[in-house]
Structures are given as C-alpha cells and as structure tokens.
Amino acid sequence: RYHVIPNCIDLDYWKRRAPLSTGGHITLISNAGASRHKGWHHLMEAIAGLEAAEKSRLSVCMLARHEPEMEKELAEAGNICDFQYPGFLSDARPELEKADVGFVLSYKEACSFACREMLAMSLPVIVSDFMILVNNINEKCGWVTKAKDADSIRAVLRQILALPPQELEAMKIAARAKAEADFSLEKMAKDTNAVYAAILRG
C-alpha cells in the first residue's frame, strides 16, 4: 500500500506583495533552471517563429544558475527577443512580481517546486505535457504544450497574446487560488497525519 502526498511550499513566503497589473506587453519568466532538459530553448525557438509584431510584445526572463552546456542557446536568445538572464537570485520574488506568465517546459522532472512557487506568486504557468507538471495546473491557471515542440509552444504563446488583459489577470488570480488549495504546508501536514492515523487504526 502507498499514499501520495504532494510536496508543498510556504505560501506566506511565496506571495505577491505588489498589486496585480496586466498590460499589452507580456513578460514570461522561469525560476526552474536553465539545463537542457528544462526545455526553455524550445520556448526561444517558438518565439523565433513569431511575427515581428508578436515578438515585440514578449520578454523572457530566466532566473537560473549559469549552465555551460547551454552557452550557444544563451548567446542566441538575446537575438530572438528581449531576453534577460540575471542568474541565480537568493530571492526570486521581486523578479517574479514583474512578470505575467511562468513557464516550466521540462521533459525530465521529479517535482517542480518552481512551478508551484510561480503559481503562488500569481503567475499562470505554461508547462510541457510531462505528467508531474500537468498535475500542477488546470485550464484556469495554465496551458499545456507538447514537450520539445516549438510549434505547440508557439500556438500557446499566440493564445496568450490574444487574451484581453482582464482575462489574463483572472488567470493570475486563479493561479494563486490553485496554490492555496493544493500546495499549502498545512495541507501537506494534515494529509500526512491522516495517513499515520489510518495506519494506527489498523
């Protein structure tokens, strides 16, 4: 017998302090890392295939340690769109607050705390169709793309660009609600204690 209890996060720490705001320019952000298996370079490939007017409305920010294996992709990213790579930050929250949409496009992942942190920071998230990621979101607070598929990612980007600001803002609110419902430390403790209680009852 086994019991599945999702790892959770400190929702008081991962909480937006600045007011929600949504304009015509969309900033995409990730604090999930820049390794190849994280799939972020497929996002850049997707953006490269957009029309110039579409690209002009997008920025990308990567909060991650330097990855020597990705030197070529990192060098090219700035030629594709407005691309910021501030590196690894001890506190990612101020940068997350500046963004509109998170992304985790991995095709190898154990448990994405980053995805849950971005949801808690009121960021709807684009994820690949990797099971552990899909389980983090729903249609109210995210989008699912095919892993390693720039065409699929590009289609989602066009959906996001077509959203009225108020609809994207509603998704930001839904992202925080999803985190509060599913990823609180209190829920993890309660579910863990329930397993112990059931076992002790025999």
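Further up the page is the structure itself.
Keep in mind that what you see is a predicted model, and the values were worked out from it rather than measured.

Participant: Could you give an account of the packing of aromatic side chains, naming the residues involved and the relevant values?
Facilitator: Counted according to the given criterion, the structure contains three aromatic pairs. Aromatic side chains W40 and F83 sit 6.0 Å apart centroid to centroid with 20° between the ring planes, which places their arrangement in the stacked category. Taken together, the residues span a long stretch of sequence, with W40 in helix α1 (residues 40–48) and F83 in strand β3 (residues 82–84) at a distance of 43 residues. Under the relative-accessibility criterion, F83 is labelled buried at 13%.

Participant: Run through the environment of P124, naming residues and quoting values.
Facilitator: By the secondary structure assignment, P124 is in the loop between α5 (113–120) and β5 (125–128). For P124, a relative accessible area of 0% gives the class buried. Spatially, the C-alpha atom of P124 lies 6.1 Å from that of G102, the residues being 22 residues apart in sequence. Residues within four places of P124 in sequence aside, it is in contact with D100, V101, G102, C141, G142, W143, L168, M171, K172 and A175.

Participant: Break down the state of the cysteines for me, with residues and values.
Facilitator: A full pass over the atoms with the stated rule returns zero disulfides. With no disulfide of its own, C81 lies 11 Å from the sulfur of C61, the closest cysteine sulfur. In this structure C115 is not part of a disulfide, and its nearest cysteine sulfur, from C141, lies 8.3 Å away.

Participant: A description of the sheet that holds strand β1 (residues 26–30) should follow, citing residues and the corresponding values.
Facilitator: Spatially, the six strands line up as an open sheet ordered β3-β2-β1-β4-β5-β6, and their pairing is parallel. At either margin of the open sheet sits one strand with a lone partner, and together these are β3 and β6 (142–145). Ignoring which end each strand starts from, the neighbouring axes of this sheet average 20° apart. Judged from the three bridges that link them, strand β4 (residues 101–104) and β5 form a sheet pairing that is parallel. Within β5, the position partnered with G102 by the bridge is V125. The strands touched by helix α7 (residues 150–162) are β1, β2 (58–62), β4, β5 and β6; relative to β6, the strand with the most contacts, the crossing angle is about 155°.

Here is what the cut-offs are and how they apply
Residues numbered from 1 in each chain as written. Predicted model: local features only at pLDDT ≥ 70, side-chain atom pairs only at ≥ 80, totals over all residues. Heavy atoms only, no water. Phe/Tyr/Trp six-rings, centres within 6.5 Å; stacked < 30°, edge-to-face > 60°. Helix = DSSP H or I, 4+ residues; strand = E, 2+ residues; numbered from the N terminus. Buried < 20%, exposed > 50% of the residue type's maximum accessible area, 1.4 Å probe, protein only. Contact = heavy atoms within 4.5 Å. Disulfide = S-S within 2.5 Å. Pairing = 2+ DSSP bridges. Axes fitted to C-alpha atoms, helices over the stretch in contact; angles between N-to-C directions.

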